[in-house]
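Architecture at a glance
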Protein chains: 2
Amino acid sequence: MAEEPVRSVAVLGAGVIGASWVAMFAARGIQVRVWDPQCGAAQIQAVIDGAAPALAAMGHPVDNALWTIVSSPIEAVHGADFVQENAPENLAMKRALFQQVTPVLGPRTVISSSTSGLMASAMQEGLDCADRILVGHPFNPPHMVPLVEVVGGRDTAPWAVERAVEFYRAVGKHPLKIDREVPGHVVDRLQAALFREMIHMIREGIATPEMIDQGMIYGPGLRWSVIGPCMQMHLSGGEAGVRHLLNHLGPAIESWWGHLGQPTIDDRAKDLMEEGMRREAGGRSVAELCAERDKALLGVLKALEENPRPGEV
Amino acid sequence: MAEEPVRSVAVLGAGVIGASWVAMFAARGIQVRVWDPQCGAAQIQAVIDGAAPALAAMGHPVDNALWTIVSSPIEAVHGADFVQENAPENLAMKRALFQQVTPVLGPRTVISSSTSGLMASAMQEGLDCADRILVGHPFNPPHMVPLVEVVGGRDTAPWAVERAVEFYRAVGKHPLKIDREVPGHVVDRLQAALFREMIHMIREGIATPEMIDQGMIYGPGLRWSVIGPCMQMHLSGGEAGVRHLLNHLGPAIESWWGHLGQPTIDDRAKDLMEEGMRREAGGRSVAELCAERDKALLGVLKALEENPRPGEV
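Our subject in this report is the structure included herewith. Predicted model, so just to flag it, every value in this text is computed and none were measured.

Details of the interface of chain B and chain A
Accessible area lost on assembly of the parts is the figure often given for the size of an interface. Across the contact, 115 residues belong to chain B and 114 residues belong to chain A. For the pair chain B and chain A, the summed buried surface comes to about 11400 Å²; carbon and sulfur atoms form 70% of the total. Among the residues chain B hides against chain A, the three largest losses belong to Y218(B), W256(B) and W257(B). Together they make up 8% of the total. Run the count over chain B and chain A and you get 6 salt bridges.

What follows is the structure in C-alpha cells.
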C-alpha cells in the first residue's frame, strides 16, 4: 500500500534546531504548525530569516505563509502527517509530550525525535503510540546539512522507519538508516570520539581550540567533505587498498590509541574553549559566524552538486 | 637576516606521498631532485600525471622539466635548499638516511619529514644535522589538501621551524605550527580517535564502512570542511556560545565516551573494511576513485576560495 505523501508537519520545540527544521520544511512546500513553550514568534522568525538566504540560494525559498505558531502540542499534532520533535534532551519530558499528543496522533503519523542523546526504545516504552516513535537525528544546521540518522526502537513499526526515510529523502535530506540502537546513534559516536581527544589536547595545552579548528578545515575535515574515513584509508593504500594501509599504518594508529586522553568536560575545559572561541570569533557574534558558515557551506554544497563524490549513493 | 627563498628541493622517497609532493613543488616553479630506492620513473610519473589536472585547474600546471630522478640521496640533497623526506615509517632507516646526507646538507637547508608516526626528537637525536630536522606532515593527497603540520624536536633550531613554515606558505600550503611534540602530532590524534570508534562500530556490526563514509560526507565531514569542531560547538550553543553548549550537551557527550569501544585492528577489522570498500568502490580502481576525489575536492577548494570560512587565518 503506497503511503500518502507528507503534506503537513508538526514541529514540537523551536529552538535553534526546531526553527531550522521549520525553515527547511516551509522551503519545501510543507505546511508546518509549530509549538514551543518558550520561544516566541520573533525568536523563531529570526532563526528562519537567518536560514532563508541559504535555502533560497539552494533553489528553495522559505514560504513564510506555510508555517504558523500554535499554542499547544495537541493543536500542532492534530491532523499532521509527520511530527518532528525537538524538546530538551530530557527523557521524562519527551515521554510526557508523546503521551499528551497520542489522542490526536494519526494512525500513520510518525513522531521523529531530533534527539542526539536518547534512544527510541527508552522514549517509546509502554506508550500507546510506541510503534510510531523513532529517532530522526539531524545535524546543525538542519536546513543545510543533508544527513539525518533514522533509528527505530524495539517497538517501532518497520513502516514508520520507511515512512521517515522516504519523507526525509523527499525534502532533500540524506537519511541514513541505522539498524542497531546504540548511545549516540552512529555518527555522534564518531564526533564524540574526536571531541574527546580535542578536549584532552586543549586541557593539556597541546593545542588551542583555534589550532584544532584550523587543522580540521585545512586538513581532514576538508577531506571528509569529499571522502569518508574508510575510503580515505582505502585510497591511501594505493592500488592494494585499505588492507595494505591497515597492514602498514595499523600499528602506528594502534600505538596512538594508547596515547589518547580521557578528559572530563570540567570548568578548565569550558574556560579554555570559551577563550579560544573569543579569539577565533574576533568580535563576531554567533549569528554573524553562522551567516559566514552558511555562505561557505552553500558554496561547498553547490560545488559538490556539480562534482559528485566517489562515495555518494 | 632575511633568508633566501627556497628554489630547489630534494624529495627522498617517492611513493604516493613523495610523488604528490614532487608534483606540487614542480607546479610551483621549484626545482626538484627525486630519489627513491624502489619506485621507478614510470611509477612516479603516473602519480604526477594523476595530480596534474587538479594542479592545473588550481592555476598551477606541473612543469615536468623541473623534476628529475637521481640515483642517490646524496645527489638529491647536494645543493638543495630544502629536503622533504618520505621514507618508510622506520626510525632507524630515516636516521641512517639523514646521517648519510649530512656531509652535503647546506647549513640553512631544512630536512622536513612527512612522518605521521615518528617524532623529530627521536629522528634527530645525536645527529650532526639535528638542528635542521623537523616534521612537516602533509595530508593525502599533499598536492591538494593544504594542511602541513610543522613540529620541531628538542634540538631543532627555531630558524629551521620558521623556514619550513615560510616555505610551505610560499607554495600555497597551510602550515600549522605545533609547539609540543606528541605521538600523532595534533591532527592525526583527532583522526586516530575517530578511527578507533569507526573500527569498533564496524567490528561490532553496528555500522558498515559505507554507512560511516556516508554519515561523514553528508554530515560532520561536510560541516568540518567549513567550521572546525570547536567552532561547531560554539555555533550550536546559540548566542550564549560554546559554554552553553558544553553545559547543555556535555553530560551526554561524556556519557557517550563511556560507551566508546577499544578495538584492535585485527583480521576481522581488515576483512570487514576490505569488503566494505569493495562494495563502495563498485568496481572502480583506486586510481579512478582518486580522480573522482580530486575532482570533487577541487570543486570544494574553489568554492571555499570564493566563500571564506569563519575560522580562516
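Examining the side chain of Q124(B)
Residue and element names in this part refer to chain B. Inspection of the secondary structure assignment puts Q124 in helix α5 (residues 120-124). We classify Q124 as buried; its relative accessible area is 0%. At 3.0 Å, the side chain of Q124 and the side chain of T156 are in polar contact. The contacts of Q124, once residues within four sequence positions are left out, are R95, A130, I133, G153, R154, D155 and T156.

Remarks on the pairing of strand β1 (residues 8-12) of chain B
Residues and elements named next belong to chain B. Most of β1 sits out of view: 5 of its 5 residues are buried. Alternating positions in β1 separate into two faces, S8, A10 and L12 on one and V9 and V11 on the other, with burial throughout. Relative to strand β2 (residues 31-35), β1 runs parallel, the two sharing 5 bridges. Bridging across to β2, L12 finds its partner in W35. Here 4 bridges tie β1 to strand β4 (residues 82-85), and the two strands are oriented parallel to one another.

A short note on the packing of aromatic side chains
Within this structure, the stated rule accounts for 13 aromatic pairs over all chains. Ring centres of W21(A) and F25(A) lie 5.2 Å apart, and the angle between their planes is 10 degrees; on these two criteria the pair is classed as stacked. Taken together, the positions of W21(A) and F25(A), both in helix α1 (residues 16-26) and 4 residues apart, correspond to about one turn of that helix. The pair W21(A) / F25(A) is uniform in exposure class, with both members buried. For the pair F82(B) and F167(B), a centre-to-centre distance of 4.5 Å together with 45 degrees between the ring planes defines the contact as tilted. Of this pair, F82(B) sits in strand β4 while F167(B) sits in helix α6 (residues 158-170); the two residues are 85 residues apart in sequence, bridging distant segments of the chain. Of the two residues, F82(B) and F167(B), both sit in the buried class. Each residue in the set W21(A), F25(A), F82(A), F167(A) and Y168(A) is aromatic and connected to the rest through ring pairs, giving one cluster. Between R108(B) and the ring centre of W159(B), over which it is positioned, the NZ or CZ distance is 4.1 Å.

Focus: the relation of the copies chain B and chain A
Related by rotation about an axis and a shift along that axis, the two copies of the chain form a pair. For these two chains of identical sequence, chain B goes onto chain A by a turn of 180 degrees and a shift of 0.0 Å along the axis, with RMSD 0.0 Å. Classification of the inter-copy transformation places it as that of a two-fold axis. The residues that chain B uses at the interface reappear at the interface of chain A in 99% of cases, marking a shared surface.

A look at the packing of helix α10 (residues 229-236) of chain A against helix α8 (residues 209-218) of chain B
At a minimum axis distance of 7 Å, the contact between α10(A) and α8(B) shows a crossing angle of 110 degrees. On the basis of their axis angle, the class for α10(A) and α8(B) is roughly perpendicular. From α10(A), P229(A), C230(A) and M231(A) reach across to α8(B), where they touch P209(B), I212(B), D213(B) and M216(B).

A few points about the packing of helix α1 (residues 16-26) of chain B against helix α2 (residues 41-57) of chain B
Residue and element names in this part refer to chain B. In contact at an axis separation of 9 Å, α1 and α2 are set at 50 degrees when each is read in the N-to-C sense. Between α1 and α2, the angle falls in the class oblique. Read as a crossing pair, α1 and α2 show a hand that is right-handed. For the pair α1 and α2, contact is made by V16, A19, S20, V22, A23 and M24 and by I44, V47, I48, A51 and L55, respectively. Residues belonging to the contact of α1 with α2 are distributed by class as follows: 10 nonpolar, 1 polar and no charged.

Here is what the cut-offs are and how they apply
Residues numbered from 1 in each chain as written. Chains lettered and ligands numbered in written order. Predicted model: local features only at pLDDT ≥ 70, side-chain atom pairs only at ≥ 80, totals over all residues. Heavy atoms only, no water. Contact = heavy atoms within 4.5 Å. Buried area = accessible area lost by both parts, 1.4 Å probe. Salt bridge = Lys/Arg side-chain N within 4 Å of Asp/Glu carboxyl O. Helix = DSSP H or I, 4+ residues; strand = E, 2+ residues; numbered from the N terminus. Buried < 20%, exposed > 50% of the residue type's maximum accessible area, 1.4 Å probe, protein only. Polar contact = N/O pair within 3.5 Å; in protein donor to acceptor, adjacent residues only side chain to side chain. Pairing = 2+ DSSP bridges. Phe/Tyr/Trp six-rings, centres within 6.5 Å; stacked < 30°, edge-to-face > 60°. Lys NZ or Arg CZ within 6 Å of the ring centre and 35° of its normal. Least-squares fit on C-alpha atoms with pLDDT ≥ 70 in both. Axes fitted to C-alpha atoms, helices over the stretch in contact; angles between N-to-C directions. Parallel < 35°, antiparallel > 145°, perpendicular 65-115°, else oblique. Left-handed = near helix turned anticlockwise from the far one by under 90°. Nonpolar A, V, L, I, M, F, W, Y, C, P; charged D, E, K, R; others polar.

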